[in-house]
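What follows is each chain in one-letter form.
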Amino acid sequence: MGATNRKLLAGATLFGLATVVGLGIAGWIVYEPEIPRIKPPDRASLSPALIRRGEQLAAVGDCIVCHTADNGPALAGSRALTTPFGTLYSNNITPDPDSGIGNWSADAFRRAMKQGVARDGSHLYPALPYEHFSRVTDDDLDAVYAFLMSRDPVKKTAPPNELMPGLGFRPLLAGWKLLFLRTAATASNPSESPEWNRGRYLVDGLAHCGGCHTPRNILGGEEWGKHFAGGVAEGWNAPPLDASNVSSERWNTETLYEYLKTGTARGHSSAAGPMGPVTEGLSRLNDDDVRSIATYIDSTMHAGTVTRPAGRRVAGDAVQSHPATSTLFEGACGGCHEPAAPMASRGRPLLSDTSDVNAPDPRNVIQAVLQGIKDPTSEAPFMPPFTDNLTDEQVADLLAYARSRFTSQSPWPHLANTVRDIRKENAR
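Residues numbered from 1 in each chain as written. Predicted model: local features only at pLDDT ≥ 70, side-chain atom pairs only at ≥ 80, totals over all residues. Heavy atoms only, no water.

### Digging into the overall build of the chain
- The helix and strand tally for the chain stands at 20 helices and 7 strands.
- Taking all 428 residues of the chain together, 46% fall into the buried category.
- Restricting the contact set of the chain to residue pairs at least 6 apart, pairs at least 24 apart contribute 67%.
- Looking at the chain as shown, the accessible area adds up to about 21600 Å², and 59% of this sits on carbon and sulfur atoms. (Helix = DSSP H or I, 4+ residues; strand = E, 2+ residues; numbered from the N terminus. Buried < 20%, exposed > 50% of the residue type's maximum accessible area, 1.4 Å probe, protein only. Contact = heavy atoms within 4.5 Å. Areas by Shrake-Rupley, 256 points an atom, 1.4 Å probe, with all protein chains shown as cover.)

Printed below as a string of structure tokens:
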């Protein structure tokens, strides 16, 4: 055999070995064993105290929102979750043994929550925020498991996911986890109060606030170094929970507590879009935990607080410069949003205090006009949707008028185009 042939053979052998080793490593990364099925636990064997604790923790995690379809049975899944990569449908997490998690052991449930792996060994999409749930203690996850296993089983199978080509290949998710999943527990900070530490544990873990309030990169992972810098959720802006929030200096622990517990804080804002169901869930959470969450978020919003300009335009400027829109505002909005309107006397935030009207991006206030706002904690009348009643130009004119009249902020550019684009997004 010539020297050239020997070199070719050696090269082919090395390539073959490298390929085998590479496939072996890939297989080791991707493979997760199946955890054996169990018989659904007998409800009588579950501690009532553990179930009650799990119910509270599930309220923190807002499990019922993502795992309940519109007008569907609670926790039975099939809710459409829109992502930049397509539509996912949430899983049934009732104790039905066939379509739900009735045959999952507590070990299988913990693995799914912390590692994103189903009982059968398949990888789960990070719409289940296991990058946050990985910080939750096993004892708390066992309590959530007991609560779910105490619910009525519902036989309901989710529709197939509708993802971009190739993304339905679940082994790819193992690579995503290598890049973005961190499993370190949240360590207690001895220099802070027990209330602050409890709040950080809940916020960074089960509440997974960063899942919406932190920007994401092109692969869908949270951007490192930008914790709580703001994100986008279901077509709404999730505002920053750090000092860059335009209203940070006007929030404190008490107003945050009021907002999280009731969905409205007098002189501040009302929960809208995906934040509405969050506050509805927190309204059922014990007061101490809600206050702990407010305490921690207050600290993140005031770390390195920046000074912001004060003062607002007087009403006459906007009225005189936008006479036609002033009339439209009086007819469509004034009954609730004039400073002397009954809604203001009932504690609804004034437009001058509303974060969305003062925000640099008009997305949320446009969504509020198009989609309306429902009181998240009661059946009381709230803001109706105007998507079928106002044109893009009328919405833009009203919001430009409100911005000019009630705030000292500069006008939003290209507002009519932004309204049109958001209306198209909502129609998809």
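### Let's talk about unusual backbone geometry
- One non-glycine residue, Asn71, lies in the positive phi region at around 60°.
- For Asn71, the position within the fold is in the loop between helix H3 (63–66) and strand S1 (80–83).

### A closer look at a nonpolar patch on the surface
- Together, Met164, Leu167, Phe169 and Leu172 give the surface a local cluster of nonpolar side chains, amounting to about 380 Å² of exposed area.
- Inspection of the secondary structure puts Phe169 in the loop between strand S3 (162–163) and helix H7 (172–180).
- Its relative accessible area of 52% is what places Phe169 among the exposed residues. (Patch = residues over 30% accessible without salt bridge, like charges linked within 9 Å, V, L, I, M, F, W, Y side chains within 5 Å. Salt bridge = Lys/Arg side-chain N within 4 Å of Asp/Glu carboxyl O.)

### Quick look at helix H12 (residues 287–301)
- The first and last C-alpha atoms of H12 sit 21 Å apart over 15 residues, in line with the 21 Å expected at 1.5 Å per residue.
- Of all 15 residues making up H12, 11 are buried, and the element is well covered by its neighbours.
- For H12, every residue scored as buried is listed here: Asp289, Val290, Ser292, Ile293, Ala294, Thr295, Tyr296, Ile297, Asp298, Thr300 and Met301.
- Tucked inside the fold, the buried residues of H12 contact helix H8 (194–204), helix H10 (253–262) and helix H11 (275–282). (Expected span 1.5 Å × (residues − 1).)

### Concerning the environment of Ala243
- Looking at the element boundaries, Ala243 is found in the loop between strand S5 (236–238) and H10.
- Each C-alpha atom of the pair Ala243 and Ala229 lies 8.8 Å from the other, and the pair is 14 residues apart in sequence.

### Here we look at the packing of H8 against H12
- Two elements in contact, H8 and H12, have axes separated by 7 Å at closest approach and are oriented at 90°. In this view, H8 runs roughly perpendicular relative to H12, as classed from their interaxial angle. Note on element contacts: H12 touches H8 through Asp289, Arg291, Ser292, Ile293, Thr295, Tyr296, Ile297 and Ser299, opposite Glu195, Trp196, Arg198, Gly199, Arg200, Leu202, Val203 and Asp204.
- Class assignment of the residues belonging to the contact of H8 with H12 gives a composition of 6 nonpolar, 4 polar and 6 charged. (Axes fitted to C-alpha atoms, helices over the stretch in contact; angles between N-to-C directions. Parallel < 35°, antiparallel > 145°, perpendicular 65-115°, else oblique. Nonpolar A, V, L, I, M, F, W, Y, C, P; charged D, E, K, R; others polar.)

### Focus: the environment of Ala324
- Here Ala324 lies in helix H14 (residues 323–332).
- For the pair Ala324 and Leu398, spaced 74 residues apart in sequence, the C-alpha to C-alpha distance is 9.9 Å.

### Brief notes about the nonpolar core
- Membership of the largest hydrophobic core comes to 55 residues, with the highest contact counts inside it found for Leu148 and Ile293.
- When contributions to this core are tallied by element, the ones reaching two or more residues are helix H2 (48–61), helix H4 (106–115), helix H5 (130–133), helix H6 (138–149), H7, H8, H10 and H12.
- Per-element accounting of this core gives the leading share, 8 residues, to H6.
- Each residue touching Ile293, except ones within four places of it in the same chain, is listed here: Gly199, Leu202, Val203, Leu260, Leu282 and Leu285.
- Leu351, Val369, Val395 and Leu415 belong to the second-largest nonpolar core, a separate cluster that totals 21 residues. (Core = buried A, V, L, I, M, F, W, Y, C linked by side-chain atoms within 4.5 Å.)

### A look at the sheet that holds strand S2 (residues 86–89)
- Taking strand neighbours across the sheet as the criterion, the 3 strands line up as S1-S2-S3 in an open arrangement whose pairing is antiparallel. Edge positions in the sheet fall to S1 and S3, since each of these pairs with one other strand and no more.
- Inspection of the sheet shows S2 paired to S3 by 2 bridges, in the antiparallel sense. Residue Thr87 lies in a different strand from S3, and its bridge partner there is Glu162. (Pairing = 2+ DSSP bridges.)

### Looking at the confidence of the model for the chain
- Here the chain averages 87 in pLDDT, while 86% of its residues score no lower than 70.
- No element of the chain has a lower mean pLDDT than helix H1 (residues 3–30), which averages 48, and none a higher one than H6, which averages 98.
- Low pLDDT, under 50, characterises residues 14–26; the predicted model gives this stretch 0 contacts beyond four residues in sequence or across chains.
- Note on residues 309–316: pLDDT under 50 across the span, and 16 contacts to partners over four residues away in sequence or across chains. (pLDDT = per-residue confidence, 0-100.)

### Concerning the state of the cysteines
- Across all of its chains, the model carries 0 disulfides by this definition.
- Cys66 forms no disulfide, and the closest cysteine sulfur to it belongs to Cys212, at a distance of 8.3 Å.
- With a relative accessible area of 30%, Cys66 lands in the partly exposed category.
- For the unlinked cysteine Cys336, the closest cysteine sulfur is that of Cys333, found at 8.7 Å. (Disulfide = S-S within 2.5 Å.)

### Re the pattern of salt bridges
- Within the structure shown, the criterion is met by 21 salt bridges.
- Residue Asp353 is joined to Arg250 by a salt bridge in which the shortest nitrogen-to-oxygen separation is 3.9 Å. You can see Asp353 sitting in the loop between helix H16 (342–345) and helix H17 (355–358) and its partner Arg250 sitting in the loop between S5 and H10, a full 103 residues away along the chain.
- With a shortest N-O distance of 2.8 Å, Glu254 and Arg291 are connected by a salt bridge. One end of the pair, Glu254, is in helix H10; the other, Arg291, is in helix H12, and 37 residues separate them in sequence.
- Look at Arg291 and you get partly exposed, because its relative accessible area is 25%.

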